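The chain contents come next:
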Amino acid sequence: MLRRPPFERISSSAADRARRLLGRAFGPSKLLVGAEACAAHGGDESDADPVAPDAVVLASSADDVALALAVAAEAEVPITPRGAGTGKSGGCVPVAGGIVLSTLGLRSIVEIDREELIAVVEAGVVLADLHAAVEAEGLFYPPDPSSLASCALGGNVAENAGGPRAFKYGVTRDYVRGLEVVTMGGARLVTGRRTQKGVTGYDVTALLVGSEGTLAVTTRATLRLVPKPPAVATLLALFADVRASGRAVSAIIAAGLVPRCLELFDAGTLEAVRGRGLPFDPRAGAMLLLEVDGDPAGCEVALEHVGGVCADAGAIEVLCAQDAAQRDRLWDARRQLSHATRAMARHKISEDVVVPRTRVADLLAEVEAIAAATGVRMLTYGHAGDGNLHVNLLWDDPDDAARVEQALERLFRAVVVMRGTLSGEHGIGVTKAEFLPLEQGDELIDLQRRLKAVFDPKGLLNPHKIFPRRAHGSC
Ligand code: MLT
Ligand code: ZN
């Protein structure tokens with residue numbers, strides 16, 4: 001783990017007061033107070049230290065969410081919303097203790113409107129279940145973070161989740177038309193619209209999407225759908241090294257081609273995939289996984305185009321997935337990369353930096369240079385088409401934490417110099433909060449703090465996230 005000083009926990013008397021009020025508001029089936037049960041709701045999939053809350057509310061309705069937020073306000077204790085806990089930046093870690101509010105119990109797909117191309121879903125719906133339900137109707141909901149089999153829509157909205165298909169289709173925010181949320185204290189808001197167009201008032205929906213659970217708690221979302229593409233085709237291009245694959249990414253973009261996915265694997269992550277029974281050419285030191293969709297004839301043409309560009313850029317081999325089973329095996333291996341790379345060392349940090357798409361090759365070169373200069377093992381894979389790469393830092397010896405911190409800061413500084421951004425899809429959370437000033441000026445950070453205070457004047461909703469610590473420890 002990196003060295004991050006813990007936040008001060010709420011006092012035991014405040015925790016007792018919260019538990020007493022929650023005990024009056026919720027029956028035992030919706031309230032957890034045992035140490036073990038609370039500890040199970042204290043972490044996510046980042047390297048942030050888990051923190052056990054003092055109580056967990058298992059909400060199963062918007063009324064429960066409102067009640068929990070009202071109790072937290074009355075008891076004046078922090079409350080941290082939580083979906084499936086698959087986040088990658090500590091966003092749902094209750095760093096100061098207090099209450100965790102789980103919205104996984106709100107799990108209804110309320111409506112799929114085939115004519116308006118809309119789905120209305122509750123926050124606890126698992127993304128893969130929504131995919132299956134809309135695809136059964138001939139429709140498509142594109143966002144596809146790798147955790148899709150377990151992540152929940154509420155968390156996707158909080159983090160503005162992306163995934164490989166974002167290259168063509170965009171991210172969660174591009175599909176959220178409106179939200180039902182509850183703010184601190186229990187007030188309910190209905191934001192946005194059902195219609196295709198609409199400019200009434202401020203775009204509060206867009207503000208809430210990606211606000212990392214710091215402004216309000218989502219209970220329901222109205223989502224835009226698109227028709228399901230009739231055909232999909234998948235292609236692999238193997239390269240001698242990661243720089244050659246980076247050049248191919250630039251060439252594909254320069255040619256104006258828009259495959260729906262354009263994923264990159266460097267030598268280390270290619271090795272992890274080989275370990276999952278995909279024995280690629282041993283000469284390959286990098287790989288691109290590309291996918292096109294549309295009508296079958298258009299797919300064929302698009303596949304030939306992207307394959308041709310990869311060959312021209314020096315690919316050692318270009319292979320098409322022959323059937324759905326092969327496609328599934330490839331994507332399964334890609335989606336497991338996060339866990340597979342975690343298993344490679346005792347400690348791992350996975351970043352999700354973004355650079356302008358024309359600078360992917362530069363970013364890859366920079367990662368190599370940082371790894372060489374600091375001696376930290378670094379692996380890179382991810383959504384190269386968006387310029388959004390998961391740079392993983394791996395280490396075993398706790399004494400190496402200082403070098404990892406150095407490598408991380410060098411990476412973030414280099415990304416900002418390239419006019420990139422610190423996070424493309426995992427959010428700032430608690431793990432990157434101290435780095436926010438590298439990218440954003442004091443005035444902008446201050447404006448955002450004031451916005452937070454409008455929604456949550458006492459700073460009780462998911463405190464200490466996104467913004468750096470202040471000297472006196474307030475959020
Ligand atoms: C992914 O693309 O696999 C996810 O965003 C998770 C990650 O590897 O960091
Ligand atoms: Zn990703």
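All values derive from a computational prediction rather than experimental measurement.

A.B. asks: Any chance you could break down the site of ligand 1 for me, citing the residues and the numbers?
C.D. replies: Every residue near ligand 1 is listed here: K88, S146, R334, S338, S350, Y381, H383, H390, E425 and H426. R334 is positioned such that a nitrogen or oxygen atom in its side chain is 2.8 Å from an oxygen atom of ligand 1. At 2.8 Å from an oxygen atom of ligand 1 is found a side-chain nitrogen or oxygen belonging to S350. When the free accessible area of ligand 1 is taken as 270 Å², the share hidden by the protein chains comes to 95%.

A.B. asks: Outline the packing of helix α1 (residues 12-25) against helix α3 (residues 62-75), supporting the account with residue identities and numerical values.
C.D. replies: What describes two packed helices is the angle between their axes and the distance between those same axes. Packing of α1 against α3 leaves a shortest axis separation of 9 Å and a crossing angle of 145 degrees. Taken as a pair, α1 and α3 cross one another with a handedness that is right-handed. Across the interface between the two elements, R17, A18, L21, L22 and A25 from α1 touch L67, V71, E74 and A75 from α3. Residue classes in the contact of α1 with α3 are distributed as seven nonpolar, no polar and two charged.

A.B. asks: Describe in detail the packing of helix α13 (residues 360-374) against helix α14 (residues 401-417), supporting the description with residues and values.
C.D. replies: Interaxial distance between α13 and α14 falls to 10 Å at its minimum, and their mutual angle equals 155 degrees. Considering the angle they form, α13 stands roughly antiparallel to α14. Pair α13 / α14 crosses with right-handed handedness. Note on element contacts: α14 touches α13 through R403, Q406, A407, R410, L411, A414 and V415, opposite L363, E366, V367, I370, A373 and T374. Split by residue class, the contact of α13 with α14 holds eight nonpolar, two polar and three charged.

A.B. asks: Tell me what's going on with the domain arrangement of the chain, and back it up with residues and numbers.
C.D. replies: Parsing the chain into structural domains produces domain 1 (12-105), domain 2 (231-338) and domain 3 (345-435). Inter-centroid distance (C-alpha atoms) of domain 1 to domain 3 is 31 Å. Contact with domain 1, which involves eight residues of that partner, is made by nine residues of domain 3. Buried surface at the junction of domain 1 and domain 3, summed over both partners, amounts to about 590 Å²; 62% is from carbon and sulfur atoms. If you sort the residues of domain 1 by the area they bury against domain 3, D47, K88 and S89 come out on top, with a joint share of 79%. For the pair domain 1 and domain 3, the interface holds zero salt bridges.

A.B. asks: Before we move on, can you summarise the coordination of the zinc ion (ligand 2) with the specific residues and values?
C.D. replies: For the zinc ion (ligand 2), every protein donor is listed as H383 (NE2), H390 (NE2) and E425 (OE), and the spread of their distances is 1.8 to 2.1 Å. Donor residues binding the zinc ion (ligand 2) come from one chain and are separated in sequence as H-x6-H-x34-E. Assessed through its relative accessible area of 3%, H383 is described here as buried. On the basis of relative accessibility, which here comes to 4%, the residue H390 falls in the buried class.

A.B. asks: Give me the lowdown on the sheet that holds strand β5 (residues 109-113), citing residues and values where you can.
C.D. replies: One open sheet holds the five strands; their spatial order is β5-β6-β10-β8-β9, and the pairing between them is antiparallel. Where the open sheet ends on each side, the last strands, each with one partner, are β5 and β9 (188-192). Going from strand to strand, the sheet's axes swing by 10 degrees on average, the running direction of each strand aside. As paired elements, strand β8 (residues 176-182) and β9 share five bridges and run antiparallel to each other. Looking at the pairing, V181 lines up with L189 of β9.

A.B. asks: How would you sum up the side chain of S89? Please name residues and give values.
C.D. replies: With respect to the helices and strands, S89 occurs in the loop between β3 (79-82) and β4 (99-102). Side-chain polar atoms of S89 contact the backbone oxygen of H426, separated by 2.8 Å. Among residues more than four places away in sequence, those in contact with S89 are D44, S46, E159, H426, G427, I428, G429, V430, T431 and K432.

A.B. asks: Describe in detail a nonpolar patch on the surface, supporting the description with residues and values.
C.D. replies: On the surface, L207, L444, L447 and L451 cluster together into a nonpolar patch covering about 300 Å² of accessible area. Per-element accounting of the nonpolar patch gives the leading share, three residues, to helix α16 (residues 442-455). By secondary structure assignment, the location of L444 is in helix α16.

A.B. asks: Pulling in residues and values, what's your account of the sheet that holds strand β1 (residues 31-32)?
C.D. replies: Taken together, four strands build an open sheet; the order of strands is β1-β2-β4-β3 and the sheet is mixed. Unpaired on one side and paired on the other, β1 and β3 mark the two borders of the sheet. In this structure, β1 lies alongside strand β2 (residues 55-58), joined through two bridges in antiparallel fashion. Residue L32 lies in a different strand from β2, and its bridge partner there is V56. Taken strand by strand, α1 contacts β1, β2 and β4, and its axis lies near 25 degrees from that of β2. The strands that α3 touches are β2, β3 and β4; relative to β4, the one it contacts most, it runs at about 170 degrees.

Criteria and cut-off values
- Residues numbered from 1 in each chain as written.
- Chains lettered and ligands numbered in written order.
- Predicted model: local features only at pLDDT ≥ 70, side-chain atom pairs only at ≥ 80, totals over all residues.
- Heavy atoms only, no water.
- Near = heavy atom within 4 Å.
- Polar contact = N/O pair within 3.5 Å; in protein donor to acceptor, adjacent residues only side chain to side chain.
- Areas by Shrake-Rupley, 256 points an atom, 1.4 Å probe, with all protein chains shown as cover.
- Axes fitted to C-alpha atoms, helices over the stretch in contact; angles between N-to-C directions.
- Helix = DSSP H or I, 4+ residues; strand = E, 2+ residues; numbered from the N terminus.
- Left-handed = near helix turned anticlockwise from the far one by under 90°.
- Contact = heavy atoms within 4.5 Å.
- Nonpolar A, V, L, I, M, F, W, Y, C, P; charged D, E, K, R; others polar.
- Parallel < 35°, antiparallel > 145°, perpendicular 65-115°, else oblique.
- Domains from an automatic or database assignment.
- Buried area = accessible area lost by both parts, 1.4 Å probe.
- Salt bridge = Lys/Arg side-chain N within 4 Å of Asp/Glu carboxyl O.
- Donors = N, O, S within 2.8 Å, 3.2 Å for Na, K, Ca; no water.
- Buried < 20%, exposed > 50% of the residue type's maximum accessible area, 1.4 Å probe, protein only.
- Pairing = 2+ DSSP bridges.
- Patch = residues over 30% accessible without salt bridge, like charges linked within 9 Å, V, L, I, M, F, W, Y side chains within 5 Å.

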